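# Descriptive analysis of the structure
So the chains spell out like this:
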Amino acid sequence: MSSFILKRLGFAVVTLFSVLTIVFFIVRILPGDPALVILGDQASMEAIEALRARLGLDRPLIVQYFGFLSGVVFGDWGVSMVSGRPVIEEILKVLPATVELTVVSLILGAALGIPLGIWSAIRRNSLPDYVTRLASLLGLSFPAFVSAILLLLVFAIQLRWFPVISSSQGETFGDRLRDLALPAINLGIIMAAYITRVARSAMLEVLNQDYVRTAHAKGIDFASVILRHCLRNTMIPVVTVVGLYLGILIGNSVLTEIVFNRPGLGKLIVGALNQRDYTMLQGMMVIYTLIVVAVNLITDLTYGFIDPRIKYR
């Protein structure tokens, strides 16, 4: 098991280094001069050159690159070109709101998608199966920002069950849950649609295996066959899609936070793009990269616990 974990950690480190390198050079090739954006078109060349020197943009690219990598390792992600505050502080201020939204959406999607997918597979080609497949198809058809606007119009504006502006600063747990409900439902429904289809396909494949037919032939009751023999093997594709979709879920949270005017990484990254804040963009991409790599590592390790045979591959 230790060699399996070390191997996955090695892959994670290589992936993280590669993505950070790509992030650095992508940010640098974006058109526009950050110093000119900050000071404005009326600024003198002397002021622009002085600001470029203060921000380190006049140094050779390779020097900036190694400075960027060392800063990531030691937690020094630079200072925002706009606010003048440390990037890591700006990110950590809003990160809990995005993590809260993502985790609740993930739990909601898994809680709905796994039972629905298994139930649909068990009732294959019946009315419940058709209804579940149609519902999952509808969930996949709506972009995150479209479904967010529809939920906002119906439940916040028309019915007034939830607030129009989703704040993460509610005074009580009930207030925070009410603020979180619509954004989490929006992302959770999309995730549930993915998980439902994957869980249904995986369960159908498992139900056709010889060991399942043998269990039925031995007289084991149906519920025990599903829970003891089928469910565990069904979970590997489900864990895969959850791990892969979590990165997409974080990306969709950007649009959702903007629609619901919810504080989080989404509003921060949009502001950094509009203001050409290089250091903030780098920090945002770094945090997204760290999250995705960590999720993929956890997914790989989860495989080993679900199916012990994977540890020896």
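The helix and strand inventory of the protein chain stands at twelve helices and zero strands. The order of α-helices and β-strands along the protein chain, N terminus first, is α-α-α-α-α-α-α-α-α-α-α-α. Among the 313 residues that make up the protein chain, the fraction classed as buried is 41%. Considering only contacts in the protein chain between residues 6 or more positions apart, those separated by 24 or more positions represent 73%. With the model as given, the accessible surface of the protein chain reaches about 16900 Å², and the carbon-plus-sulfur share is 67%.

What follows is about helix α5 (residues 87-122). End to end, α5 covers 51 Å across 36 residues, agreeing with the expected 52 Å (1.5 Å per residue, within 8%). Largest kink in α5: about 40°, centred on Val94, with the proline Pro96 one to four residues after it.

Turning to the side chain of Thr98, a few remarks are in order. Within the secondary structure, Thr98 is located in helix α5. At 2.8 Å, the side chain of Thr98 forms a polar contact with the backbone nitrogen of Leu265. Residues in contact with Thr98, not counting those within four places in the same chain, are Ser253, Glu257, Gly264 and Leu265.

Nonpolar side chains in soluble globular proteins generally cluster together in the buried interior. Counting residues in hydrophobic clusters, the biggest one holds 28 residues, and the most contacted among them are Ile195, Met203 and Cys230. At the level of elements, α5, α8 (173-207), α9 (210-217) and α10 (222-259) are the ones that each hand at least two residues to this core. No other element matches the eleven residues that α8 contributes to this core. When neighbours within four sequence positions are excluded, Ile195 is seen to be in contact with Gly109, Ala110, Gly113, Ile114, Val238, Val241 and Val242. The next biggest cluster of nonpolar side chains, apart from the first, holds 23 residues, and it includes Phe24, Val94, Leu265 and Tyr288.

When you line up the elements, Ser105 lands in helix α5. Excluding its chain neighbours within four sequence positions, the residues that come into contact with Ser105 are Pro183, Ala184, Leu187, Gly188 and Leu249.

Bringing the packing of aromatic side chains into the picture now. In this structure the tally under the stated criterion is two aromatic pairs. Relative to Phe66, the ring of Tyr65 has its centre 5.3 Å away and its plane inclined at 65°; by these criteria the two rings are edge-to-face.

Attention shifts here to the confidence of the model for the protein chain. Per-residue confidence for the protein chain gives a mean pLDDT of 77, with 86% of residues at or over 70. Within the protein chain, helix α2 (residues 34-39) has the poorest average pLDDT of any element, 65, and α5 the best, 85.

Between side chains of opposite charge, pairing is possible as soon as their charged atoms come close. For the coordinates displayed, the defined rule picks out four salt bridges. Put simply, Glu100 and Arg262 hold a salt bridge, and the shortest N to O gap is 2.9 Å. Here the residue Glu100 occupies a position in helix α5, and Arg262 occupies one in the loop between α10 and α11 (265-275), the gap between them amounting to 162 residues. Of the charged contacts, one joins Arg200 and Asp129 as a salt bridge, the two residues approaching to 2.9 Å between their closest N and O atoms. In this pair, Arg200 sits in helix α8 while Asp129 sits in helix α6 (residues 127-141), placing the two residues 71 residues apart along the sequence. Given the relative accessible area of 13%, Arg200 is considered buried.

Once that is clear, we can look at unusual backbone geometry. Trans is the common state for peptide bonds, and a negative phi is the common state for residues other than glycine. Even without being glycine, Asn125 reaches a positive phi, approximately 60°. Assignment of secondary structure puts Asn125 in the loop between α5 and α6.

For the rest of this paragraph, the subject is the environment of Leu137. Position of Leu137 relative to the elements: it lies in helix α6. Put simply, Leu137 and Ala193 are 56 residues apart on the chain and 6.9 Å apart in space, counted from C-alpha to C-alpha.

Moving on, we get to the environment of Val164. Mapped onto the elements, Val164 comes out in the loop between α7 (144-158) and α8. Along the primary structure Val164 and Asp179 are separated by 15 residues, whereas in three dimensions their C-alpha atoms are 8.7 Å apart. The residues touching Val164, leaving out its near neighbours within four places in the chain, are Leu152, Ala156, Ile157 and Phe260.

Two elements in contact, α5 and α6, have axes separated by 8 Å at closest approach and are oriented at 140°. Compared by their axis directions, α5 and α6 come out oblique. Between α5 and α6 lies a crossing whose hand is left-handed. On the side of α5, the interface is formed by Leu116, Trp119 and Ser120, while α6 contributes Pro128, Asp129, Thr132 and Arg133. When the residues that make up the contact of α5 with α6 are grouped by side-chain class, the tally is three nonpolar, two polar and two charged.

Procedures and definitions
Residues numbered from 1 in each chain as written. Predicted model: local features only at pLDDT ≥ 70, side-chain atom pairs only at ≥ 80, totals over all residues. Heavy atoms only, no water. Helix = DSSP H or I, 4+ residues; strand = E, 2+ residues; numbered from the N terminus. Buried < 20%, exposed > 50% of the residue type's maximum accessible area, 1.4 Å probe, protein only. Contact = heavy atoms within 4.5 Å. Areas by Shrake-Rupley, 256 points an atom, 1.4 Å probe, with all protein chains shown as cover. Expected span 1.5 Å × (residues − 1). Bend = angle between axes of the 7 residues up to and from the residue. Polar contact = N/O pair within 3.5 Å; in protein donor to acceptor, adjacent residues only side chain to side chain. Core = buried A, V, L, I, M, F, W, Y, C linked by side-chain atoms within 4.5 Å. Phe/Tyr/Trp six-rings, centres within 6.5 Å; stacked < 30°, edge-to-face > 60°. pLDDT = per-residue confidence, 0-100. Salt bridge = Lys/Arg side-chain N within 4 Å of Asp/Glu carboxyl O. Axes fitted to C-alpha atoms, helices over the stretch in contact; angles between N-to-C directions. Parallel < 35°, antiparallel > 145°, perpendicular 65-115°, else oblique. Left-handed = near helix turned anticlockwise from the far one by under 90°. Nonpolar A, V, L, I, M, F, W, Y, C, P; charged D, E, K, R; others polar.

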